[in-house]
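# Architecture and fold: a report
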Amino acid sequence: MTPDSIPRFAPGVRFRFDKARDAWALLAPERLFQPDEQAAAILQLVDGARSIDAITDALAAQYDAPRDLIAGDVLAMLQDLADRGLLRS
Amino acid sequence: MIAPPMALLAELTHRCPLKCPYCSNPLALDRAADELDTDGWKRVLDQAAALGVLQVHFSGGEPMARRDLEALVAHARGLELYSNLITSGVTLTEARLAALVAAGLDHIQLSFQDVDVASAERIGGMKGAQARKLEAARLIRAADVALTVNFVVHRQNVANVGGMIALAAELGARRVEIAHTQYYGWGLANRDALLPSADQLQAATAAVEAARPVHAGRMAIDYVTPDYHATQPKPCMGGWAQRFINVSPAGRALPCHAAETIPDMDFPSVREHGLKDIWERSDAFTRFRGTAWMPSECQSCALKERDWGGCRCQALALAGDAAASDPVCSRSPHHGRVLAALAASDAPPPPLLYRASR
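Report follows, based on the coordinates. Because the structure is a prediction, the values reported are computed rather than measured. (Residues numbered from 1 in each chain as written. Chains lettered and ligands numbered in written order. Predicted model: local features only at pLDDT ≥ 70, side-chain atom pairs only at ≥ 80, totals over all residues. Heavy atoms only, no water.)

## As for the overall build of chain A
For chain A, the helix and strand inventory stands at 3 helices and 5 strands. Its helices and strands in sequence order give chain A the pattern β-β-β-β-α-α-α-β, from N to C terminus. In terms of overall size, chain A behaves like a compact globule, its C-alpha atoms giving a radius of gyration of 13 Å where 89 residues would be expected to give roughly 12 Å. Taking the principal axes of the C-alpha coordinates as reference, chain A spans close to 35 × 25 × 20 Å. Out of the 89 residues in chain A, the part that is buried amounts to 42%. In chain A, the proportion of contacts linking residues at least 24 apart, taken out of those at least 6 apart, comes to 54%. Accessible area of chain A: about 4,600 Å², with a carbon and sulfur share of 50%. Across chain A, 10 positive and 14 negative side-chain charges occur, with their mean positions spaced 11 Å apart. (Helix = DSSP H or I, 4+ residues; strand = E, 2+ residues; numbered from the N terminus. Rg over C-alpha atoms; globule rule 2.2 N^0.38 Å. Buried < 20%, exposed > 50% of the residue type's maximum accessible area, 1.4 Å probe, protein only. Contact = heavy atoms within 4.5 Å. Areas by Shrake-Rupley, 256 points an atom, 1.4 Å probe, with all protein chains shown as cover. Lys, Arg positive; Asp, Glu negative; His and termini not counted. Charge placed at Lys NZ, Arg CZ, Asp CG, Glu CD.)

## Details of the sheet that holds strand β3 (residues 23–28) of chain A
Residue and element names in this part refer to chain A. Within the open sheet, the 3 strands sit side by side as β2-β3-β4. Their pairing is antiparallel. The open sheet is flanked by β2 (14–18) and β4 (31–33), the only strands paired with a single partner. The sheet shows a mean angle of 30 degrees between the axes of neighbouring strands, taken without regard to direction. In terms of strand pairing, β2 meets β3 through 5 bridges, oriented antiparallel. Along β3, the bridge assignment pairs F17 with W24. (Pairing = 2+ DSSP bridges. Axes fitted to C-alpha atoms, helices over the stretch in contact; angles between N-to-C directions.)

## Here we look at the packing of aromatic side chains
The tally for this structure, following the rule as stated, stands at 8 aromatic pairs over all chains. Here W279 of chain B and F285 of chain B contribute two aromatic rings whose centre-to-centre distance is 5.7 Å and whose plane-to-plane angle is 55 degrees, an arrangement assigned as tilted. Here F288 of chain B and W293 of chain B contribute two aromatic rings whose centre-to-centre distance is 5.2 Å and whose plane-to-plane angle is 80 degrees, an arrangement assigned as edge-to-face. In terms of burial, F288 of chain B and W293 of chain B fall into one category: buried. Cluster of aromatic residues (ring-pair linked, three or more members): F9, F15, F17 and W24 of chain A. Here the guanidinium or amino end of K133 of chain B rests over the ring plane of F112 of chain B, the centre of that ring lying 5.8 Å away. The positively charged end of R289 of chain B is found above the aromatic ring belonging to W279 of chain B, 4.8 Å away from the centroid. (Phe/Tyr/Trp six-rings, centres within 6.5 Å; stacked < 30°, edge-to-face > 60°. Lys NZ or Arg CZ within 6 Å of the ring centre and 35° of its normal.)

## A look at the interface of chain B and chain A
Tallying the contact residues gives 24 residues for chain B and 20 residues for chain A. Interface area for chain B against chain A, summed over the two sides, is near 1,900 Å², with a carbon-plus-sulfur share of 47%. For the interface between chain B and chain A, the tally reads 2 salt bridges. One salt bridge connects R14 of chain A with D106 of chain B, and the closest N-O pair in it is separated by 2.9 Å. Inspection of the region where chain B meets chain A yields 13 residue pairs in polar contact (both at pLDDT 80 or more). Looking at the side of chain B that touches chain A, the elements that each hand over two or more residues are β3 (82–87), β4 (107–112), β5 (146–153) and β6 (175–180) of chain B. The dominant element in the side of chain B that touches chain A, judged by the number of residues it contributes, is β3 of chain B, at 3 residues. In the side of chain B that touches chain A, the residues fall into 9 nonpolar, 8 polar and 7 charged. (Buried area = accessible area lost by both parts, 1.4 Å probe. Salt bridge = Lys/Arg side-chain N within 4 Å of Asp/Glu carboxyl O. Polar contact = N/O pair within 3.5 Å; in protein donor to acceptor, adjacent residues only side chain to side chain. Nonpolar A, V, L, I, M, F, W, Y, C, P; charged D, E, K, R; others polar.)

Purely geometric numbers; function is a separate question.
Here is the structure:
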């Protein structure tokens with residue numbers, strides 16, 4: 001993944017809000033992840049249209065955070081999920 | 001508050017064209033005439049989603065034997081449930097797959113009995129099965145559906161583990177499961193024919209470890225070890241009635257698919273009770289939940305909330321008491337029964353007893 005990659009969920013992977021537990025859930029083949037609040041905020045912006053740069057811009061605006069500070073974290077988190085086969089670009 | 005279940009195992013039918021001698025279905029199979037109908041299953045899915053279930057595993061038997069499978073997958077999708085189809089693949093056609101994908105199916109787990117065709121068809125008891133399974137895998141990949149390939153391994157095919165992993169990669173699987181047989185029901189009846197020796201287990205584990213770096217980043221390898229060779233029990237089902245709810249073809253709710261072997265337990269029917277009530281209040285689901293039921297060797301153990309006392313059905317099968325500690329555990333007073341079964345794994349295997357209907 002690079003800042004201009006456009007991430008999307010791999011086939012067999014779904015991200016949804018879990019009302020029963022009041023939290024987001026990442027559902028994958030025979031696995032289930034319960035991402036923390038920060039990861040969930042990033043994943044909510046993964047829509048197969050936004051680039052990682054655009055996702056970072058949106059998060060910086062949403063949380064009034066310095067863009068340079070969060071850019072590395074966003075890229076690393078998405079790369080980790082891509083390495084585990086959960087995201088594609 | 002009792003945490004809700006994460007997953008529903010929907011055993012739609014016990015009907016299956018294969019006769020695998022380690023089948024996880026009970027020895028007394030449910031008849032087709034006793035199966036829940038479409039509306040009955042839809043109601044189960046509604047109640048499961050409301051309770052907090054996130055994933056539904058459509059299983060069997062062969063779930064493709066149900067003509068309403070597509071309707072049930074579509075219903076699950078409408079409830080935002082993640083749907084997984086666990087199939088032998090022998091009856092999958094391009095048209096049926098397209099209908100399942102259109103209904104919103106998320107993932108398919110396809111089982112193989114071996115890589116060697118003659119061995120695979122002898123174990124599964126169905127001639128011509130392997131070619132159909134290979135074709136099913138091709139169709140699934142062509143449709144870009146996430147695929148897990150599953151091999152149940154035992155002393156009659158465990159030498160081929162390296163080849164099994166290679167076949168899964170060739171078929172484009174994103175996950176492969178190398179799952180040692182679990183010894184309940186049919187598997188227990190065939191234990192002396194299936195339990196691998198310590199040397200076989202060691203070779204299989206080495207083959208899995210050698211394959212991991214080869215497929216890293218492209219295919220995950222899940223390896224389920226045979227717990228008879230362990231000294232600590234597995235956290236069966238992630239703890240009794242903690243993560244899973246299983247519904248049998250006839251509509252009985254079970255904490256695991258082997259639970260019906262426990263003789264003095266009444267399993268509530270989804271025809272008469274709601275899933276929430278069953279999960280939170282029934283004797284079947286509450287009796288072994290948590291740690292209060294545990295015998296003293298578990299109560300004093302630092303691992304009691306890691307392995308949850310192991311498996312209740314195994315305690316019943318080997319110690320004659322579902323409330324005993326799992327005899328796989330070296331602290332169990334019944335551990336000698338596991339050691340005795342292992343001693344038999346060096347003798348020539350008896351003939352296979354094939355799964356059959358009543």
